[in-house]
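# Structural overview for review
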Amino acid sequence: MQTQATAREIILAIVDNMHVGAEPLLYSTLLPSLYDVYLHHDDYERLEGIWPRILDETKRALDQELSRLNGNVELPKLLKFLPLAEKNRPRFERAAPDWYINFYRNTDEDAAPGDIVIDSHFTLPSLPKYGAGSKTKRITTLRSSGETRTLRTLYQETEGEPSAAQPDQSAPVLARIRYQDDQGEQIYIMTKNQIVVGRGGIDYWVDLRLNAAPDVSREHLRLRRDDSSGQFFVKDLSKFGTSVDGKRIPSSVEVVGKDKQDKDVWVPIPSKARIGLADVMFLDFEAS
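This section reports on the structure supplied with the text.

Basis of the calculations
Residues numbered from 1 in each chain as written. Predicted model: local features only at pLDDT ≥ 70, side-chain atom pairs only at ≥ 80, totals over all residues. Heavy atoms only, no water. Helix = DSSP H or I, 4+ residues; strand = E, 2+ residues; numbered from the N terminus. Expected span 1.5 Å × (residues − 1). Buried < 20%, exposed > 50% of the residue type's maximum accessible area, 1.4 Å probe, protein only. Arc of directions from axis to C-beta. Contact = heavy atoms within 4.5 Å. Phe/Tyr/Trp six-rings, centres within 6.5 Å; stacked < 30°, edge-to-face > 60°. Lys NZ or Arg CZ within 6 Å of the ring centre and 35° of its normal. Pairing = 2+ DSSP bridges. Core = buried A, V, L, I, M, F, W, Y, C linked by side-chain atoms within 4.5 Å.

### Thoughts on helix α3 (residues 51-69)
Here α3 spans 27 Å end to end across 19 residues, near enough to the 27 Å set by a 1.5 Å rise per residue. When α3 is considered as a whole, its buried residues turn out to be W51, I54, T58, A61, L62, E65, L66, R68 and L69. End-on, the buried residues of α3 take up no more than an arc of 155°, which puts them together on one face. Those residues of α3 that are exposed and angled more than 90 degrees off the buried face are P52, R53 and R60. Its buried side turned inward, α3 meets α1 (7-20), β2 (28-31), β3 (34-39), α2 (41-47), β4 (91-94) and β5 (100-105).

See the structure below:
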């Protein structure tokens, strides 16, 4: 039984997910362009030194498979297990101009060494991270012991992971959130009365997804605007806490035995505030 995820298996798992996520249109078939790869902590640490090489070869494999699907090149030996495509089918295209692949430690307690969980979607990563409302298709697959199976396919509305389209100009801008991550300065435009903020992950859908250290929870906090008064509130759902202008706010989570309960504790915040997440990341919030 496989006890570790090899780099080769990770590449094959991503190509598998691309096939599962294919979305046929009338004149073309779209392929997911954004892949979030979740690995057991031990596997992640073991491969951490060669992520750039794995990323390079993964993009190469995806490009070659895309060319093969369109009948342009012979299937590489690495991918010969994939089914041959039928003739006269619509052209295959990736949903975005490039492949976007991120590697994460899988923080789910039931993650086993060797498991490769991939969450792919058609939406673009945030460049420049505007919160444009859009519907996205998300496909989650698990590759374990050399076999890939589909865990779930979801169609969801999202603000935090925008498509290539510009923000909906007709939607009112309720607030702007500025912060910095590995991609540089980012701006998130809040256009609905409640959003979820955090690292996200499998079974954790967030509106504003942060590329942050594990100290930031997958679902770290919620921001809410009262429609009648315009007042904004924040709720802390994290493990390591949330602060507003340097002051720690009470947690809304209570642990009873092995269960977590949300006490629904909301704290009002001023129209301009600096929100700290576990003291490792900060959001500069400004209401419109």
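The rest of the description comes next.
### Some words on the packing of aromatic side chains
Aromatic ring pairs are reported here in terms of the distance separating the ring centres and the angle at which the planes meet. Applying the stated criterion to the full structure yields five aromatic pairs. Centroid distance Y35 to W99: 6.4 Å. Interplanar angle 45°. Geometry classified as tilted. Placement of the pair is Y35 in strand β3 and W99 in the loop between β4 and β5, with a sequence separation of 64 residues. This pair shows no difference in class: Y35 is buried, exactly as W99 is. Measuring from ring centre to ring centre gives 5.3 Å for Y44 and W51, while their planes differ by 45°; the resulting arrangement is tilted. Using a relative accessible area of 11% as the deciding quantity, one classes Y44 as buried. Look at W51 and you get buried, because its relative accessible area is 9%. An aromatic cluster is present here, built from Y44, W51 and F103 joined pairwise through their rings. Taking the ring centre of W266 as reference, the NZ or CZ of R224 above it sits at 4.6 Å.

### A few points about the pairing of β2
Strand direction decides the pairing type here: strand β1 (residues 23-24) and β2, joined by two bridges, are antiparallel. Residue pairing across strands places P24 opposite T29, the latter belonging to β2. Where β1 folds back on β2, the antiparallel hairpin that results is connected by three residues. Bridge count for β2 against β4 is four bridges, and the pairing is parallel. The partner of L30 across the bridge, within β4, is E93.

### Describing the nonpolar core
I177, L210, L223 and F285 are the most contacted members of the largest nonpolar core, which totals 26 residues. Among the elements that line this core, the one with the most residues is strand β21 (residues 281-287), at four residues. Ignoring any residue separated from it by four or fewer positions in sequence, one finds F285 in contact with A175, R176, I177, L223, F232, I269, P270, S271, K272, A273 and I275.

### Description of the sheet that holds strand β10 (residues 184-190)
Sheet architecture is open: six strands sit in the order β10-β9-β21-β20-β15-β16, paired in antiparallel fashion. Edge positions in the open sheet fall to β10 and β16 (247-248), since each of these has one partner strand only. Pairing analysis gives two bridges linking strand β15 (residues 242-244) to β16, with the strands arranged antiparallel. The residue bridging S243 from the neighbouring strand is R248, located in β16.

### Brief notes about α1
End to end, α1 covers 20 Å across 14 residues, agreeing with the expected 20 Å (1.5 Å per residue, within 8%). Most of α1 sits out of view: ten of its 14 residues are buried. Among all positions of α1, only E9, I10, I11, L12, A13, I14, V15, D16, N17 and M18 are buried.

### Comments concerning the sheet that holds strand β11 (residues 194-198)
The strands making up a sheet associate through backbone hydrogen bonding, with each pair oriented either parallel or antiparallel. Read from one edge to the other, the open sheet built from five strands follows the order β12-β11-β13-β14-β19, with strand pairing classed as mixed. One side of each edge strand has no neighbouring strand; the edge strands of this open sheet are β12 (208-209) and β19 (267-269). Note that strand β13 (residues 221-225) and strand β14 (residues 232-236) share five bridges and pair antiparallel. Residue pairing for β14: R224 is matched across the bridge by F233.

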